[in-house]
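Residues per chain, in single letters:
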Amino acid sequence: MLAKSWNESFGKTSCALACVLLLWAAGAARGADSGAKMDPGEWKKVVEAAKKEGKLVISGDAGEEWRAILVDAFRQEYPEIKVEYGGMAGRNYWLRVQQERKLGQKLWDMRAGGVEAMSFEAKNNGHLEPIRPFLLPENADDSKWVGGLDGLFHDKENKYMPAYTIYVQHTAFVNRDFIKESELQGSWQLLDPKFKGKMVLQTPTGGATFSSLGNMAFMYGENFVRDLLTKQNVVVTDDNRQQTEWLVRGKYPIVVGLNNTLLIPFQKQGLGKNIAGLEDKVIQVATSLGGISYMKDAPHPNASKVYINWLLSQKTQVKLTKNVRLNSRRTDVPPVDMATAVDPARLERYRLYSTEENVANASRFLPVIREILKK
């Protein structure tokens, strides 16, 4: 059974979950050939060059929980490197990059956000550089990642797009203060007419909602997604925080696709304590905003290499997971939410929807989604 509510997930332990922790620890202890190309002398030169560049231009989520790590924590460790941070949704970032590159502008170093259709499109259009070749030994070690180093990378080449978070994720969430479990238990019930006009989606051309719709198509068929978008009077917002607030306050008590971290500031105020994930027919595994894309011809290449290795390090992952409440893929970083932890020994039971293959399958709906949004 998946977690009944986000706030209930913390502090739950059992024998089975303790076994998961032991498996993670065992993975962390195993040695492996890293295959890293960055020796200590070469790395020292990269760090020195990065400090001379003195700057890094990145995009990431606008939420304070992510910014506190992606910007503030890095500045504390590398005060010589200034971080210019553009907080925005991935769909908006990639559209912006497309326009800038058409004009010959190469302004960004990297995106620290979700692995999604538009990031794969950027990779296939030649706008990304591979990350794997410059990983340090501690980050290139197979034993340090659930599923090994290949599992860390979500692109078919296994070298462009690492995603360092991994956790069980629901396709839809409900506020139980307004809709009881006896009325709505699983995502397969969302076509019930009584839920018409009660759902809000993020702009579904990318991000969490796009991924969730792709999962629903996989579980229930394409017509389910078409009917959901055309018959249920769903509300669409481009403001991810607004979607979360509407869910918390019950204006729209059901959401399809949710950035879970956005619940944190509300729950600190005592709100949104009864947000629950709806059951799904297939166990989905997400990466949320824990992906990295390194831009080709980045203006600050050495600073980018320093930043990416810093972000993937065990020390940073411990801080980040505690702040955003999402589990790391590193085997030497214990899960912060045991209720959504994956079992490293049973990876075949999950469907990781942000792999390039699964995203490509979901992308078949993009023309349908765009046509519906015009109406």
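Residues numbered from 1 in each chain as written. Predicted model: local features only at pLDDT ≥ 70, side-chain atom pairs only at ≥ 80, totals over all residues. Heavy atoms only, no water.

### Some words on helix 5 (residues 117-124)
Burial of helix 5 is extensive: six of the eight residues sit out of reach of the surface. Within helix 5, the full set of buried residues consists of Ala117, Met118, Ser119, Phe120, Ala122 and Lys123. Considering only its buried residues, helix 5 is in contact with helix 4 (90-102), helix 8 (207-220), strand 11 (291-294) and helix 14 (356-362). Directly after helix 5, the chain includes Gly126, whose backbone phi takes a positive value near 85°. (Buried < 20%, exposed > 50% of the residue type's maximum accessible area, 1.4 Å probe, protein only. Helix = DSSP H or I, 4+ residues; strand = E, 2+ residues; numbered from the N terminus. Contact = heavy atoms within 4.5 Å.)

### Brief notes about the packing of helix 8 against helix 9 (residues 222-231)
Axes are the key here: two packed helices are described by the angle between their axes and the distance separating the axes. Two elements in contact, helix 8 and helix 9, have axes whose closest approach is 6 Å; the angle formed by their N-to-C orientations is 130°. The angle between helix 8 and helix 9 places the two elements in the oblique class. Of the residues in helix 9, those touching helix 8 at Leu213, Met216, Ala217 and Tyr220 are Glu222, Phe224, Val225, Leu228 and Leu229. Among the residues forming the contact of helix 8 with helix 9, the class breakdown is eight nonpolar, no polar and one charged. (Axes fitted to C-alpha atoms, helices over the stretch in contact; angles between N-to-C directions. Parallel < 35°, antiparallel > 145°, perpendicular 65-115°, else oblique. Nonpolar A, V, L, I, M, F, W, Y, C, P; charged D, E, K, R; others polar.)

### With respect to empty space enclosed by the protein
Here the structure, examined in full by the defined rule, presents five cavities of 30 Å³ or more. Its boundaries defined by the atoms lining it, the largest cavity holds a volume of some 250 Å³. Gly207, Ala208, Asn259, Ser288 and Leu289 are, among the 24 residues lining the largest cavity, the residues nearest its centre. Of all the secondary structure elements, the ones that give two or more residues to the lining of the largest cavity are helix 4, strand 4 (167-169) and helix 8. If one sorts the elements of the lining of the largest cavity by residue count, helix 8 sits on top with three residues. Along the lines of polarity and charge, the residues of the lining of the largest cavity split into nine nonpolar, 11 polar and four charged. (1 Å grid on protein atoms, 1.4 Å probe; cavity = no way out; pocket = protein on both sides within 12 Å on 5 of 7 lines; lining within 4 Å. Points joined across faces, edges and corners; volume = space filled by probe spheres on them.)

### A look at the sheet that holds strand 1 (residues 55-60)
One open sheet accounts for four strands, arranged 2-1-3-11; its pairing is mixed. Both outer strands of the open sheet, strand 2 (82-87) and strand 11, are each paired with one neighbouring strand and no more. Put simply, the sheet's adjacent strands are angled 25° from each other on average, direction ignored. As paired elements, strand 3 (residues 110-113) and strand 11 share four bridges and run antiparallel to each other. When the sheet's bridge partners are listed, Gly113 is paired in strand 11 with Gly291. Sheet strands in contact with helix 3 (residues 64-77) are strand 1, strand 2 and strand 3, and its direction is about 170° off that of strand 2. (Pairing = 2+ DSSP bridges.)

### Structural notes on the sheet that holds strand 6 (residues 199-202)
Ordered by their spatial adjacency, five strands build an open sheet running 7-6-8-5-9, and the pairing between neighbours is mixed. Among the strands making up the open sheet, the edge pair consists of strand 7 (235-237) and strand 9 (275-277). Adjacent strand axes in the sheet meet at a mean angle of 25° when their direction is disregarded. In this structure, strand 5 (residues 172-175) lies alongside strand 8 (residues 254-256), joined through three bridges in antiparallel fashion. Among the inter-strand pairings, Phe173 is bridged to a residue of strand 8, identified as Val255. Here helix 10 (residues 240-249) sits on the sheet in contact with strand 5, strand 6, strand 7, strand 8 and strand 9, set at roughly 160° to strand 6.

### Quick notes on the pairing of strand 2
Bridge analysis of strand 1 against strand 2 gives six bridges, and the strand direction is parallel. Note that in strand 2 the partner of Val57 across the bridge is Glu84. With respect to chirality, the unit in which strand 1 leads through helix 3 into the neighbouring parallel strand 2 is right-handed. (Right-handed = clockwise from strand over helix to strand, strands pointing away.)

### Comments concerning the environment of Phe134
Residue position: Phe134 is located in the loop between helix 5 and helix 6 (137-140). Not counting the four nearest positions on each side in its chain, Phe134 is found in contact with Met38, Tyr294, Lys305, Ile308 and Asn309.

### Considering the nonpolar core
Ranked by internal contacts, the top residues of the largest apolar core, which has 46 residues, are Leu70, Tyr164 and Tyr307. In terms of residue count, helix 12 (residues 301-312) provides more of this core than any other element does, seven residues in total. Excluding anything up to four places from it in sequence, Tyr307 contacts Leu56, Ile58, Leu70, Phe74 and Met110. With 45 residues, the next largest nonpolar core counts Trp94, Ala172, Val256 and Phe365 among its residues. (Core = buried A, V, L, I, M, F, W, Y, C linked by side-chain atoms within 4.5 Å.)

### Observations concerning the pattern of salt bridges
Following the criterion strictly, the structure yields 18 salt bridges and no others. Arg75 is paired through a salt bridge with Asp72; the nearest N and O atoms lie 4.0 Å apart. With Arg75 and Asp72 both in helix 3, this residue pair falls three residues apart, about one helical turn. For Arg75, a relative accessible area of 37% translates into the label partly exposed. Of the residues examined, Asp72 reaches a relative accessible area of 31% and is grouped as partly exposed. Notably, a salt bridge pairs Lys144 with Asp141, separated by 3.5 Å at the nearest N-O pair. Judged on exposure class, the residue Lys144 and its partner Asp141 are both buried. Where salt bridges share partners, they join Lys123, Glu157 and Glu356 into one cluster. (Salt bridge = Lys/Arg side-chain N within 4 Å of Asp/Glu carboxyl O.)

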